Amino acid sequence: MATKMAAKKLTRENEIEDFQDALDGLPSSSTGRLDLETSIRESDLALNLFFNNKFTLAKEHMQPWADRSMYHALGYGTILYIQAVMTFDMADIEIAIEAIKKSVIVCNKFRKKSSIMSSLTKFAMKVDYNDFSEEEIHAELCYAECLLIRAFLTFIQDENLISFVKGGLKIRECYKIYKDCHKILENRKSATDTHRVHFESGVCMGIGAFNLMISLLPSKIMKLLEFVGFSGKKALGLTELHRGCESRVGLRSKLCAIMLVAYHSLITYILGLGDGDIDLATEVLSPCLKDHPKGALFLFFSGRLEEVKGHIDDAINRFEESIDSQSEWRQFHHLCYWELMWCHCFKSDWLMAMKYAEKLCKESRWSKATYTYQKASFLVMCSDQTEDTKKHIDYLFADVPRLKQRIAGKSLPFEKFAVAKSQRYFQQGNTLILPALELIYVWNGYNIVGKNQELLEKMLVVIEATVTDIASKKDLAATDKFYYDNYSLALLLKGVCQRHRGQLFQAEQCFIEVVANEKKLHSDHYLVPYSIVELAILYLYQERFDETKKQLDLAKKQYKSYYLENRLHFRIHAIRLQLKTAMNSDSDNQSLTELAAPDAKVSPLASEETLSWGEEDFVDARDATK
């Protein structure tokens, strides 16, 4: 043990010595500024420190020149921003805001100055981008990135509408500058630009991320954004990000890789139908893991990729490895705790799932109401409950309403759901029907469980037993106001499992029966529109396109004000995109029914909950990191 501690101390001393040597190699502060090459080189060093879990060293590397170098200013502000959003502590947010404000000022000093006359004639004349110095075009790029970070911090800093307007305006200006940078990349004669690869990776990251993000939004929001000058094309976004990470030597290449992997392994499972290119994501992540084998962030994504492949045990090992790789920023651990909670949930290991929910409840600031509800739900699923366990479950459900919070003036959509379900627990005699399996559904987990037929079968056995038990007590329906709510929930979960097993007819009958119970439901009205969309997915993969469109229109136009409504609207948008692609595909293309998973007759694409992003759910955007 002593030898191990001495080795760690020596390693730390060597890192500090290397860090000091790097600082000593910089020009004297009396010069007042760094040249572009030195700024980029130092930023690359800091980025590598960050990817190798040396977060404090990376921050210290950027800080001394943050008031004079555009890249140091951007890097320092970015690290503080990451720290702020992970802790969600207002003190950290204030510090990050002040730092990024200064970063914006520093970057602006390096931008090309234009006279009033040139500004007036800019719209009438074509801009000659060759008139910009290389330092000036990099300043445009850094300025855009700082504005974007500043906008995001504005959103989470204050809860009034003015903050959202200010943030939106900054994002619009940022988007415009990225478009200008793209024009510079396409039109500038770059023979004398020695750092083009770094500029190109930054432009690819900005253009790619914006196009991808906007393309995911439902049509109503998309039309509004297009009205104020935004546009988004998914194909362009993916192409630009892939282009940005291909060089591998660009300053932002690994950031492009992270965004690509996050899209294919996280975003498509949260905002879409789980149709990400996992093989491509694995290929893109591989060189990053090779360069940073102990990097906590890359190990996390490695675990996530194993998880969405259905390799749950391998995923657990990767997440645990990520946790063990560093202890400097415990906030990174929370990402892994969240995924570990679901991995054990997928295995029906409810006690272990509860323990990770408990860790999050103690350490994370995101939503204690959500974590507490999850803890209680997992305990409900445990067999052989003692009297002490039952009392603890009662205590947890009773505590959920008290823990409900407001962020940016809005309640978190899932917290509303959790509070209603917690109250329901007491209303129906201290019991809930399959609460943990319902959680898997609303948190978009069955598209992962569906990749592992053994785990899916285990859940289906429990669900079918519950359906049978509830059906045997139908004579109580007249006196139990929640009878059809409970029965319909169990039917919906059964249908989802059957869809992932390829039992399409049986699944369809379950969803149709839920819809038929609409007028008998007392509380869980969300089950009907969700079941209708489940039918749409069934019909889509049976190539019954007219029926698919009919079900989607019905779900969107006929039903309002139910739990997790905007989440369903994202699913509808994703299905519409697939429907459009399928209807426009050539006859030579692979049919949708041939997209089946190895252990199913049809594709087990996700049909579950997607992250909300409407007026009510805008403030819940941090769910995307989970």
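- Per an unreviewed UniProt entry, the chain goes by the name Tetratricopeptide repeat protein 39B and belongs to Lymnaea stagnalis.

## Quick notes on the overall build of the chain
And then number 1: Counting its regular elements, the chain contains 28 helices and two strands.
And then number 2: Split into buried and exposed, the 626 residues of the chain put 57% on the buried side.
And then number 3: Taking all contacts inside the chain whose residues are at least 6 apart in sequence as the whole, residues at least 24 apart take part in 71%.
And then number 4: For the chain, the exposed area adds up to about 27,800 Å²; of that, 54% sits on carbon and sulfur atoms.

## A short note on helix 16 (residues 331-346)
And then number 1: With 16 residues, helix 16 extends 24 Å between its outermost C-alpha atoms, agreeing within 8% with the 22 Å of an ideal straight helix rising 1.5 Å per residue.
And then number 2: Within helix 16, 16 of the 16 residues are buried, which leaves it mostly tucked inside the rest of the structure.
And then number 3: Looking at the residues trailing helix 16, positive phi occurs at Ser-348, about 60°.

## Focus on the packing of aromatic side chains
And then number 1: In total, this model carries 36 aromatic pairs according to the counting rule given.
And then number 2: Seen from their ring centres, Trp-366 and Trp-443 are 6.4 Å apart, and the 70° between their planes marks the pair as edge-to-face. Of this pair, Trp-366 sits in the loop between helix 17 (350-363) and helix 18 (368-381) while Trp-443 sits in the loop between helix 21 (435-442) and helix 22 (446-449), placing them 77 residues apart in sequence.
And then number 3: Judged by relative accessible area, Trp-366 falls into the buried class, the value being 3%.
And then number 4: One residue, Lys-112, lies across the ring of Phe-132, its end atom 5.5 Å from the ring centre.
And then number 5: Arg-304 extends its terminal NZ or CZ atom over the ring of Tyr-269, reaching a point 5.8 Å from the ring centre.

## Re the environment of Phe-51
And then number 1: Its place among the elements puts Phe-51 in helix 2 (residues 36-51).
And then number 2: For the pair Phe-51 and Lys-294, spaced 243 residues apart in sequence, the C-alpha to C-alpha distance is 8.7 Å.
And then number 3: Apart from residues lying up to four places away in sequence, Phe-51 is in contact with Lys-254, Leu-255, Ile-258, His-292, Gly-295, Ala-296 and Phe-298.

## A few points about the packing of helix 9 (residues 196-215) against helix 12 (residues 253-270)
And then number 1: Two elements in contact, helix 9 and helix 12, have axes separated by 9 Å at closest approach and are oriented at 20°. With respect to their mutual orientation, helix 9 and helix 12 come out roughly parallel. Crossing of helix 9 against helix 12: the hand is left-handed. When helix 9 is examined against helix 12, the residues Ser-201, Cys-204, Met-205, Ala-209 and Leu-212 are found in contact with a partner set consisting of Ser-253, Leu-255, Cys-256, Met-259 and Tyr-263.
And then number 2: Here the contact of helix 9 with helix 12 is composed, by residue class, of eight nonpolar, two polar and no charged.

## Comments concerning unusual backbone geometry
And then number 1: A positive phi angle, near 45°, is found at Leu-434, a position not held by glycine.
And then number 2: Along the chain, Leu-434 falls in the loop between helix 20 (413-427) and helix 21.
And then number 3: Here the phi dihedral of Leu-564 falls at roughly 60°; this positive angle occurs in a residue that is not glycine.
And then number 4: As for its position among the elements, Leu-564 is in the loop between helix 27 (545-558) and helix 28 (565-584).

Rules behind the numbers
- Residues numbered from 1 in each chain as written.
- Predicted model: local features only at pLDDT ≥ 70, side-chain atom pairs only at ≥ 80, totals over all residues.
- Heavy atoms only, no water.
- Helix = DSSP H or I, 4+ residues; strand = E, 2+ residues; numbered from the N terminus.
- Buried < 20%, exposed > 50% of the residue type's maximum accessible area, 1.4 Å probe, protein only.
- Contact = heavy atoms within 4.5 Å.
- Areas by Shrake-Rupley, 256 points an atom, 1.4 Å probe, with all protein chains shown as cover.
- Expected span 1.5 Å × (residues − 1).
- Phe/Tyr/Trp six-rings, centres within 6.5 Å; stacked < 30°, edge-to-face > 60°.
- Lys NZ or Arg CZ within 6 Å of the ring centre and 35° of its normal.
- Axes fitted to C-alpha atoms, helices over the stretch in contact; angles between N-to-C directions.
- Parallel < 35°, antiparallel > 145°, perpendicular 65-115°, else oblique.
- Left-handed = near helix turned anticlockwise from the far one by under 90°.
- Nonpolar A, V, L, I, M, F, W, Y, C, P; charged D, E, K, R; others polar.

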